[in-house]
Amino acid sequence: MKILLLEDDLILNEIIEEFLQGLTYEVTCVFDGMKACELIYEEHFDLLILDVNVPNMTGFEFLKSLRENSITTPAIFITSLDSVDDVEEGFKAGADDYLKKPFELKELELRINNIKRLLHLDDEDLVIDENIRFNTKLNYVDNNSIKSKLPLKEAQILKYLLKNTNRCISQDELSSNIWNYEDAPTSSTIRTYIKNIRKILGEEYIETIKGVGYRFNKK
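Small disclaimer: the values here were computed from a predicted structure and weren't measured.

Basis of the calculations
- Residues numbered from 1 in each chain as written.
- Predicted model: local features only at pLDDT ≥ 70, side-chain atom pairs only at ≥ 80, totals over all residues.
- Heavy atoms only, no water.
- Domains from an automatic or database assignment.
- Contact = heavy atoms within 4.5 Å.
- Buried area = accessible area lost by both parts, 1.4 Å probe.
- Salt bridge = Lys/Arg side-chain N within 4 Å of Asp/Glu carboxyl O.
- Polar contact = N/O pair within 3.5 Å; in protein donor to acceptor, adjacent residues only side chain to side chain.
- Nonpolar A, V, L, I, M, F, W, Y, C, P; charged D, E, K, R; others polar.
- UniProt positions renumbered as here; feature names shortened; annotations may be inferred.
- Helix = DSSP H or I, 4+ residues; strand = E, 2+ residues; numbered from the N terminus.
- Axes fitted to C-alpha atoms, helices over the stretch in contact; angles between N-to-C directions.
- Parallel < 35°, antiparallel > 145°, perpendicular 65-115°, else oblique.

Visitor: Talk me through the domain arrangement of the protein chain; I want residue IDs and the actual numbers.
Guide: According to the domain assignment, the protein chain contains domain 1 (2-119) and domain 2 (125-216). Listed by partner, the interface residues are 10 residues for domain 1 and nine residues for domain 2. Roughly 690 Å² is buried in total at the junction of domain 1 and domain 2, and carbon and sulfur atoms are behind 36% of that figure. Ranking the residues of domain 1 by area buried against domain 2 places Tyr41, Ser70 and Thr72 at the top, with a combined share of 52%. Taken together, domain 1 and domain 2 are joined by zero salt bridges. For the pair domain 1 and domain 2, the number of links is six residue pairs in polar contact (both at pLDDT 80 or more). Looking at side-chain class alone, the side of domain 1 that touches domain 2 contains three nonpolar, five polar and two charged residues.

Below you can see the structure in the form of structure tokens.
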């Protein structure tokens, strides 16, 4: 799992980085909000860990801008801002969790594990129905014991739709969460990927919501 760590305290940044690397996570460290903003459109991250009072753009402002651009990467705030109003602002900005400083590193690990559990970030097999499973590590669909390998982008689209089952996902949201900004696909390219996935799963699973996007419906 790839984590973006935004923390401007050099010592704390290094302590958290080493701890997370010890848990086998890949960690990219930044020290100001603008650099984090640049990276989020250049690379894919599975989790954001964000301080609030950082130079150039606060953690609140950074996360709010991501959510306004349909980037749904889960985020944990780590901050000394501990009033109820601060916590409320953090969740309004789009946080999945809020951890008050000072904190034990073990507590950060527990918060990360909880997000992984809730969002199925580490699940290798995602169940579509009793006869269909999607292996997210090897990128194949097992449909009634017939295994079909998916190309990378089709696998990423299917995984994103499955993790957002029964929610309408726009093409912009798919693009923002799967592609880098400069590699954003055309609408016709996304439609082609969806068509290819339907050939493997069956037409009934991915519903087109006209003028809005797509919704994955489980039986």
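And the narrative resumes.
Visitor: If you had to explain the UniProt feature "DNA-binding region" (unreviewed entry) in the protein chain to someone new, which residues and values would you point to?
Guide: Using the residue numbers shown here, the UniProt feature "DNA-binding region" (unreviewed entry) corresponds to residues 116-218. Between the first and last C-alpha atoms of residues 116-218 the distance is 21 Å; the span itself is 38% helix and 27% strand.

Visitor: Talk me through the packing of helix 6 (residues 152-163) against helix 8 (residues 187-201); I want residue IDs and the actual numbers.
Guide: Relative orientation of the contacting elements helix 6 and helix 8 amounts to 75 degrees, with a least axis distance of 10 Å. Looking at the two axes, helix 6 sits roughly perpendicular to helix 8. On helix 8, the residues that touch Lys153, Glu154, Ile157, Leu158 and Leu161 of helix 6 are Tyr193, Ile194, Asn196, Ile197 and Leu201. Residue classes in the contact of helix 6 with helix 8 are distributed as seven nonpolar, one polar and two charged.

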